[in-house]
Amino acid sequence: RRQIRVFAGACAASVVALTWPLADLAAHWSLTALVTQRLILVMAVAPMLLLGLPYDVIRWLTRPAAVDTVLVRLRTPPVAIAVVTVLVVGSMAPVLVRAQATSAVVRGVLDGAMVAAGLVLWIPVLGRVPGILPLKPVVRFGYLVFQAVVPAFLSFIYIFSRHPLYSVFARSHAAIGLRPLNDQQMAGFVSKLTMLFTLLTVGAVVLARAPRSGAELG
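A few points on the structure.

What counts as what
Each chain carries its own residue numbering, running from 1 in the written order of its sequence. The model is predicted, so local features are restricted to residues of pLDDT at least 70 and side-chain atom pairs to those at 80 or more, both for listing and for counting; the totals for chains, interfaces and linings are taken over all residues. In computing side-chain properties, one takes all heavy atoms of the structure into account and sets aside hydrogens as well as water. Working definition: helices are DSSP H or I runs of at least four residues, strands are E runs of at least two. Numbering for both runs from the N terminus. Here the globule rule is a power law, 2.2 Å times the number of residues to the power 0.38, and the radius of gyration is based on C-alpha atoms. Relative accessibility under 20% of the residue-type maximum defines a buried residue, over 50% an exposed one, and the middle range a partly exposed one, all with a 1.4 Å probe and only protein chains included. Axis geometry follows a simple rule: fit a line to the C-alpha atoms, using only the stretch in contact for helices, then measure angles between N-to-C directions, giving values from 0 to 180 degrees. The cut-offs work like this: below 35 degrees is roughly parallel, past 145 is roughly antiparallel, 65 to 115 is roughly perpendicular, and the gaps in between are oblique. Should the near helix be turned anticlockwise from the far one by less than a right angle, the crossing is termed left-handed; should it be turned clockwise, right-handed. In what follows, a contact means two residues having at least one pair of non-hydrogen atoms within 4.5 Å. Each residue gets one of three labels, nonpolar for Ala, Val, Leu, Ile, Met, Phe, Trp, Tyr, Cys and Pro, charged for Asp, Glu, Lys and Arg, and polar for the others, Gly among them. A 1.4 Å probe that fits into a set of points on a 1 Å grid over the protein atoms alone but cannot get out defines a cavity; an open set with protein on both sides within 12 Å along at least five of seven lines defines a pocket, and lining residues are those with an atom within 4 Å of a point. Grid points are joined across faces, edges and corners, and a volume is the space filled by probe spheres set on the points. By definition here, a helix of n residues has an expected span of 1.5 Å times n minus one. Note that the arc is defined by the directions from the helix axis to the C-beta atoms. The residues that make up patches have over 30% relative accessible area and no salt bridge, and they are joined within 9 Å when like-charged or within 5 Å when they are Val, Leu, Ile, Met, Phe, Trp or Tyr. Only the protein chains shown count as covering a residue, and every accessible area follows the Shrake-Rupley method with a 1.4 Å probe. By definition here, a salt bridge exists when the distance from a side-chain nitrogen of Lys or Arg to a carboxyl oxygen of Asp or Glu is within 4 Å.

A word on the overall build of the chain
- The helix and strand tally for the chain stands at 13 helices and zero strands.
- Ordered by position from N to C terminus, the α and β elements of the chain give α-α-α-α-α-α-α-α-α-α-α-α-α.
- For 218 residues, the compact-globule formula gives about 17 Å, and the C-alpha radius of gyration of the chain, at 18 Å, lands near that figure.
- For the C-alpha atoms alone, the extent of the chain along its principal axes is close to 55 × 35 × 30 Å.
- The proportion of buried residues among the 218 residues of the chain is 40%.

As structure tokens, this is what we get:
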């Protein structure tokens, strides 16, 4: 069954992101590995969880009135973009990156925050939450364009900075063969290109399917 396969995919992606070797590299050795881990959680695990969880489970999780109120607010594109930007960019603050290198609890909290950011990003696009319809196709495309650009602005800092920003990854050359500054630049390219390609591709698919879906155009 497709839903079961999608949920299994979410579990498999979680294992890749949160276990050795990627998790160890992300915690102690490489900014590129950390960015890759975060991208997997936001761009793969979150949407597959949303699509793979049984509808009855989602309905039960969102039944409390307070949860429903929050989700309705998060469906608004400016709010969703702001929340995703704060969570994604904030999680890369040097103090938090340094803290996650030494604390499994901090790593767990930040990993959970990335899945939450992914859910916020994808709910307006995928729907599947009772009482919250997906945005109209053109609005979804514009929303995805902004999500591809705004939260990823940090990648430009990584690419054009002349000095490494994270002392915790000072030994990156020993683990992945890249000096810290090169590792940082690579992280910027991985972040920017992955978000652009994934979100714009989804946006293009949304627009391509729009004429065949009268419900979405209504």
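Now that the structure is up, let's keep going.
Digging into unusual backbone geometry
- Residue Pro21 is reached from Trp20 by a cis peptide bond, and omega for that bond is 5°.
- Among the secondary structure elements, Pro21 is positioned in the loop between α1 (2-18) and α2 (22-28).
- If you check the backbone angles, Arg128 has positive phi at about 70° while not being a glycine.
- Examined against the element boundaries, Arg128 turns out to sit in the loop between α8 (104-126) and α9 (137-149).
- Taking the relative accessible area as the measure of exposure, Arg128 reaches 19% and is therefore buried.

Concerning the packing of helix α6 (residues 77-90) against α8
- Where α6 meets α8, the closest approach of the two axes is 9 Å, and the angle between their N-to-C directions is 160°. On the basis of the axis angle, α6 is roughly antiparallel to α8. As for the relative orientation of α6 and α8, their crossing is left-handed in sense. Between α6 and α8, the contacting residues are Ala80, Val83, Val84, Leu87 and Val88 on the first element and Ala113, Met114, Ala117, Val120, Leu121 and Pro124 on the second.
- For the contact of α6 with α8, the residue count by class is 11 nonpolar, no polar and no charged.

A closer look at empty space enclosed by the protein
- Enumeration according to the criterion identifies two cavities of 30 Å³ or more in this entry.
- The volume enclosed by the largest cavity comes to roughly 190 Å³.
- Considering the residues around the largest cavity, the lining is formed by 15 residues, among which Val35, Arg38, Leu39, Val88 and Ser191 are closest to the centre.
- When residues of the lining of the largest cavity are traced back to their parent elements, those giving at least two are α3 (31-52), α10 (154-160) and α12 (180-209).
- The biggest single contributor to the lining of the largest cavity is α3, with four residues.

Quick notes on α6
- Its 14 residues place the ends of α6 19 Å apart at the C-alpha level, agreeing with the 20 Å of an ideal helix rising 1.5 Å per residue.
- Of all the residues in α6, the buried ones are Pro77, Ala80, Ile81, Val84, Thr85, Val88 and Val89. All buried residues of α6 lie within an arc of 135° about the axis, which places them on one face of the element.
- Those residues of α6 that are buried lie in contact with α5 (65-74), α8, α9 and α10.

What about the packing of α6 against α9?
- Orientation of α6 relative to α9, taken along the N-to-C sense of each, is 25°, at an axis distance of 10 Å. Compared by their axis directions, α6 and α9 come out roughly parallel. The two elements α6 and α9 cross, and the hand of that crossing is right-handed. Residue-level inspection shows Pro77, Ala80, Ile81 and Val84 of α6 in contact with α9, the latter providing Val139, Tyr143, Phe146 and Gln147.
- Residue classes in the contact of α6 with α9 are distributed as seven nonpolar, one polar and no charged.

A closer look at the environment of Gln184
- By the secondary structure assignment, Gln184 is in helix α12.
- Owing to a relative accessible area of 2%, Gln184 belongs among the buried residues under this scheme.
- Separated by 27 residues in the primary sequence, Gln184 and Ile157 place their C-alpha atoms 9.3 Å from one another.

Topic: a nonpolar patch on the surface
- On the surface, a nonpolar cluster with roughly 490 Å² of combined accessible area is contributed by Phe153, Phe156, Ile157, Phe160 and Leu165.
- Along the chain, Phe156 falls in helix α10.
- What makes Phe156 partly exposed here is its relative accessible area of 40%.

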